[in-house]
Amino acid sequence: MPDTAHKGSCLCGAVKIRVEGKLSDADGCHCSQCRKQTGHYLVSTNVPKSALSVEGEENVRWYPSSDNARRGFCGTCGSTLFWDPLRKDGIAIAMGLFDGPTGAKLTHHIFTADKGDYYEITDGLPQNSQ
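In what follows, the accompanying structure is described. (Residues numbered from 1 in each chain as written. Predicted model: local features only at pLDDT ≥ 70, side-chain atom pairs only at ≥ 80, totals over all residues. Heavy atoms only, no water.)

1. Section: the sheet that holds strand β4 (residues 42–48)
Read across the sheet, eight strands follow the order β6-β7-β8-β9-β4-β3-β10-β11 without closing on themselves; strand pairing throughout is mixed. Unpaired on one side and paired on the other, β6 (60–63) and β11 (127–128) mark the two borders of the sheet. (Pairing = 2+ DSSP bridges. Helix = DSSP H or I, 4+ residues; strand = E, 2+ residues; numbered from the N terminus.)

2. Concerning the nonpolar core
Ile17, Val19, Leu81, Phe82 and Ile93 are the most contacted members of the largest nonpolar core, which has 25 residues in total. Within the residue set of this core, elements represented by two or more residues are β2 (16–20), β3 (26–29), β4, β8 (80–85) and β9 (90–94). Sorting elements by how many residues they give to this core places β9 first, with three residues. With near-sequence residues (within four places) excluded, Val19 lies in contact with Thr4, Ala5, His6, Val47, Ala51, Leu52, Ile93 and Phe98. (Core = buried A, V, L, I, M, F, W, Y, C linked by side-chain atoms within 4.5 Å. Buried < 20%, exposed > 50% of the residue type's maximum accessible area, 1.4 Å probe, protein only. Contact = heavy atoms within 4.5 Å.)

3. Quick word on the pattern of salt bridges
According to the stated counting rule, one finds three salt bridges in the structure shown. Note that Lys49 is salt-bridged to Asp84, the shortest N-O span being 2.8 Å. A residue pair is termed long-range when its members are at least 10 positions apart, and Lys49 in the loop between β4 and β5 (52–55) and Asp84 in strand β8 qualify at 35 residues. A relative accessible area of 29% places Lys49 in the partly exposed class. We classify Asp84 as buried; its relative accessible area is 3%. A salt bridge links Arg70 to Asp84; the nearest nitrogen and oxygen atoms lie 2.8 Å apart. (Salt bridge = Lys/Arg side-chain N within 4 Å of Asp/Glu carboxyl O.)

4. Details of the packing of aromatic side chains
Using the criterion set out here, one finds three aromatic pairs in the structure. Taking the centre distance of 5.9 Å and the plane angle of 20° together, the rings of Tyr41 and Tyr119 count as stacked. Taken together, the residues span a long stretch of sequence, with Tyr41 in the loop between α1 (32–38) and β4 and Tyr119 in the loop between β10 (106–110) and β11 at a distance of 78 residues. By relative accessible area, which is 23% here, Tyr41 ends up partly exposed. In this structure Tyr119 comes out as buried when scored by relative accessible area, which is 10%. (Phe/Tyr/Trp six-rings, centres within 6.5 Å; stacked < 30°, edge-to-face > 60°.)

Here is the structure:
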């Protein structure tokens, strides 16, 4: 059976991740919170929490960004790691963490009504204003 794990890390390597199984296709979130956290917009894949293992979990810092979700980042280098919807099985992982090919594709954009005025979305992918 081939290894279907996807590995990655934050910028400094203090947090390493491993995701078992195929990654879902990615979305680009243009909401104001994602833009503020990342400096642009967040492209992430959603996986079951049970598929994710984290080495260096003591370096992950969590920010409760709303009543419904928290955002994870590396406490050492500040890299964006996760968007974690509370009381749900899935977790969003920033695509930039992964090393090597992922097999995932950016398929759509969400919260485009909140996008920054300094860029246009011109890739032809579907856009959802919410």
